[in-house]
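Summary of structural features
Residues per chain, in single letters:
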Protein chains: 2
Amino acid sequence: MSGTLVFLKKVTIQDIAEALNISFSTVARALNDHPAISPATKKRVREAARKMHYRPNKLASSLRSGKTHVVGVIVPNLHVSFFSSVVHGIDTVLNEHQYSLLLYQSNESLGQEVKGIDTFLRSRVDGIIASITRETSHYEHYDEIRKRHVPLILFDRVAESLRVPSVRIDDYKGGFMATEHLIAQGYTNIAHITAEQDLAIATERLRGYRDALIRHGLPVQEELICKGPFSADFGRACVASLLDRKVPFDALFALEDFTALGALQELLERGVRVPDEVGVIGFANESFGTLVTPGLSSVDQQTVRMGEIAAELFLGTVSGNTPASVMLDPILVPRASSLRIR
Amino acid sequence: MSGTLVFLKKVTIQDIAEALNISFSTVARALNDHPAISPATKKRVREAARKMHYRPNKLASSLRSGKTHVVGVIVPNLHVSFFSSVVHGIDTVLNEHQYSLLLYQSNESLGQEVKGIDTFLRSRVDGIIASITRETSHYEHYDEIRKRHVPLILFDRVAESLRVPSVRIDDYKGGFMATEHLIAQGYTNIAHITAEQDLAIATERLRGYRDALIRHGLPVQEELICKGPFSADFGRACVASLLDRKVPFDALFALEDFTALGALQELLERGVRVPDEVGVIGFANESFGTLVTPGLSSVDQQTVRMGEIAAELFLGTVSGNTPASVMLDPILVPRASSLRIR
DNA sequence: GTGAAAGCGCTAACAA
DNA sequence: TTGTTAGCGCTTTCAC
């Protein structure tokens, strides 16, 4: 199969130069397609390089040129599908532009975040794309990146005070769209599940919910707003509480899909028909949304696109621009759980 | 907030040496905690380094020392939760040992895989951890890694012919366990959904299914084996076909969870009670398994652990060992969909 | 069109 | 205990 293993010895432009009896700087120029080198020499050099299994040493060229063509990416946790999708998007675009991606997980720890940035700075990355840790409350470590003239791009979790190009989704608009969609389907008593902590994504979606109700002349009923932890269980608990207390409601918008799913299941198990009696919509467009019955309506966060844009923002700074921040529009994904008008 | 931005100029050990009026090699040794340097000088050097915002240049030290402390990781697609979990595991262990992770997605394309390896080799990574592309049929590019004495570790998708340390899950055992579990629950007419292509994961799980039946004295009924594409839809189609043709069966083992979920939904929609009339089990332990009703039984592939082991295998080669390959045991995760004995 | 030479910022062998 | 020196493999300026 793989035959005998003949180990390769390291070969440098020096070796090629010697083999061809020319100077090593000519070899370097030929390999870099320098215009001042004759086509004939270029051809000879390239053939020799191939035959000798030459592989340029990026360390040497980076050290000399000051460019590594490496971008550092910091995410809280790859295990979360939101972040792995964004990294996927970042990588796709970077790869098209010959950049490599150095990855670091902060695990929502400030200490890890600082360590990641330190590693990137030592590695002399050409740029850093990051999503800030929940724990982060001061930003000196991010400031240091800029002090070293390393382009910094933030996504999703953004620190306004850093005044750095960033990309995130418009959570307010998402909350507004979800609620407006329910209203358009004829629902009028719309409950909402939000977070108990003071999280931007939660408060923005809540604000969108309130404003959509107001815009359409519906009352904001505080007893229809459940506050709790992010979880399917809390979705169930909220629905159970509303039903038990006999609070009338005919639709529910949960701040994220897992919570919405819990709510949906509780409704079904208690014999409430969805979407006829109660409509349900979530947020994030998790992959299970198409798999449950009825299909769970949601709001798509364009995660891959977010990554692509983050990478494009970085490429923008490289070509000398100072790109503006991008606010992505969420996309409504209506499915059976909230469609009662055919 | 972030105050005035004072840009930092590059500072090297030379600068520290000049500031302290000592030789730059003393500075280097002090920073590397060399035993021959007096505690006093070490302290002076470190303080100066901190004050001057010194950050060692990894490029220079790597070029000189021949070690980059970077490991290249190639995965087919980060977007797939299986792979992002493995990368999470790899990163966790590497990080503990001060290695950085350079990421590359092959997107199931041989060309990309070759390009990724080329990039890694140019970057002089200290090792490569990879899962082979579906498209890959020859292995010269992997062979080149070894010819250059770069440690190579494979996970999940392994090429035996490369004779390289690897880690994967025992799919045969997983298929066996799933089937045996159904048998233990008293099911006797167990259907199986497998892939139409000739994929190792599918044929191994199928083999486990057959052997478990045989071991427990049950007949292998070919009409109970559906072959089709991986998808929830095919799960539905298989169940529909069995029911329509009135083929008697009282349990179903699908080669992966999405397919199992489709099957489960088709059963429920047709009024078949799960697990009382028919038991269902999938494979992969996808996160939605706990979210559906009834909870979907599955077989866990220990993805994070697989990544951790891959990283440990790499660390093993670094410390001079030639680690053996690891076959991970799958873990049975019984949930309501297949539990009818309480 | 090609060559010579300096230097990027470190590590490490050799001196003192 | 500290200093001197020689590279690692490239890029790039200046000659010719």
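Because the structure is a prediction, the values reported are computed rather than measured.

Cut-offs applied
- Residues numbered from 1 in each chain as written.
- Chains lettered and ligands numbered in written order.
- Predicted model: local features only at pLDDT ≥ 70, side-chain atom pairs only at ≥ 80, totals over all residues.
- Heavy atoms only, no water.
- Least-squares fit on C-alpha atoms with pLDDT ≥ 70 in both.
- Contact = heavy atoms within 4.5 Å.
- Near = heavy atom within 4 Å.
- Polar contact = N/O pair within 3.5 Å; in protein donor to acceptor, adjacent residues only side chain to side chain.
- Helix = DSSP H or I, 4+ residues; strand = E, 2+ residues; numbered from the N terminus.
- Nonpolar A, V, L, I, M, F, W, Y, C, P; charged D, E, K, R; others polar.
- Salt bridge = Lys/Arg side-chain N within 4 Å of Asp/Glu carboxyl O.
- Disulfide = S-S within 2.5 Å.
- Buried < 20%, exposed > 50% of the residue type's maximum accessible area, 1.4 Å probe, protein only.
- Domains from an automatic or database assignment.
- Buried area = accessible area lost by both parts, 1.4 Å probe.
- Pairing = 2+ DSSP bridges.

A few words now on the relation of the copies chain A and chain B. The operation linking the two copies of the chain is a rotation about an axis combined with a translation along the axis. With an axial shift of 0.0 Å and an RMSD of 0.1 Å, the rotation relating chain A to chain B amounts to 180 degrees. On this basis, the relationship between the two copies can be described by a two-fold rotation axis. Scanning chain A for the C-alpha nearest the rotation axis identifies L102 of chain A, at a separation of 2.3 Å. Of the interface residues in chain A, 98% have counterparts in chain B that sit at the interface too, so the contact is made through matching surfaces.

What follows is about the protein's contact with DNA strand D. Every one of the 25 residues lining DNA strand D counts as a neighbour, but R64 of chain A together with S25, T26, R29 and R64 of chain B are closest to it. If you look at DNA strand D and keep only atoms within 4 Å of the protein, 53% of those are sugar or phosphate atoms. At 3.2 Å, a side-chain N or O of N32 of chain A approaches a phosphate oxygen of DNA strand D. The contact in question runs from a phosphate oxygen of DNA strand D to an N or O atom on the backbone of S38 of chain B, over 3.1 Å. Contributing elements (two or more residues each) for the surface near DNA strand D: helix 2 (24-31) and helix 4 (58-65) of chain A together with helix 2 (24-31) and helix 4 (58-65) of chain B. Taken together, the residues that form the surface near DNA strand D break down as 11 nonpolar, 10 polar and four charged.

Applying the stated criterion across every chain, the model contains 42 salt bridges over all chains. With a closest N to O distance of 3.2 Å, R236 of chain B and E266 of chain B form a salt bridge. On the criterion of sequence distance, the pair formed by R236 of chain B in helix 10 (residues 232-244) and E266 of chain B in helix 11 (residues 257-269) is long-range, its members being 30 residues apart. What emerges from the salt-bridge pattern is a single network uniting R55 of chain A together with D118, R122, E144 and R148 of chain B.

Neighbouring residues of DNA strand C: 25 residues in total, closest T26, R29 and R64 of chain A together with Y54 and R64 of chain B. S23 of chain A is positioned with one of its backbone polar atoms (N or O) 3.0 Å from a phosphate oxygen of DNA strand C. The separation between a phosphate oxygen of DNA strand C and a polar side-chain atom of N32 of chain B is 3.3 Å. Contributions of two or more residues to the surface near DNA strand C are made by helix 2 and helix 4 of chain A together with helix 2 and helix 4 of chain B. When the residues that make up the surface near DNA strand C are grouped by side-chain class, the tally is 11 nonpolar, 10 polar and four charged.

All right, on to the state of the cysteines then. Residue and element names in this part refer to chain A. If you walk through the whole model with that rule in mind, you get two disulfides over all chains. A sulfur-sulfur separation of 2.1 Å characterises the disulfide bridge that pairs C226 with C238. Linking C226 and C238, the disulfide has an S-S dihedral of approximately 70 degrees and is accordingly described as right-handed. Here the residue C226 occupies a position in strand 7 (residues 225-228), and C238 occupies one in helix 10 (residues 232-244), the gap between them amounting to 12 residues. Residue C226 shares its accessibility class with C238, and that shared class is buried.

This part covers the domain arrangement of chain A. Interface size is commonly expressed as the accessible area that is lost once the parts come together. All names here are of chain A. Each assigned domain of chain A is listed with its residue range as follows: domain 1 (13-56), domain 2 (68-169 + 303-328) and domain 3 (171-301). Computed from C-alpha coordinates alone, the two centres of domain 2 and domain 3 are separated by 32 Å. Contact with domain 2, which involves six residues of that partner, is made by five residues of domain 3. Between domain 2 and domain 3 lies a buried interface of about 550 Å² when both sides are counted; carbon and sulfur atoms form 47% of it.

Listed per partner, the contact involves 60 residues of chain A and 59 residues of chain B. At the boundary of chain A with chain B, total buried surface from both sides reaches about 5800 Å², with 56% on carbon and sulfur atoms. Among the residues of chain A in contact with chain B, R55, L59 and L291 of chain A are the three that bury the most area, contributing 13% of the side total. Applying the counting criterion to the chain A and chain B interface returns four salt bridges. Between R55 of chain B and D118 of chain A there is a salt bridge, with its nearest N and O atoms 2.4 Å apart. Where chain A packs against chain B, one counts 34 residue pairs in polar contact (both at pLDDT 80 or more). Counting only elements with at least two residues in the side of chain A that touches chain B, the list comes to helix 4, helix 5 (81-96), strand 2 (100-105), helix 6 (110-122), helix 7 (140-147) and helix 11 (257-269) of chain A. Here the side of chain A that touches chain B gets seven residues from one element, more than from any other, and that element is helix 5 of chain A. Looking at side-chain class alone, the side of chain A that touches chain B contains 24 nonpolar, 23 polar and 13 charged residues. Bridge analysis of strand 2 of chain A against strand 2 (residues 100-105) of chain B gives three bridges, and the strand direction is antiparallel. From the neighbouring strand, L101 of chain A faces strand 2 of chain B, where its bridge partner is L103 of chain B.

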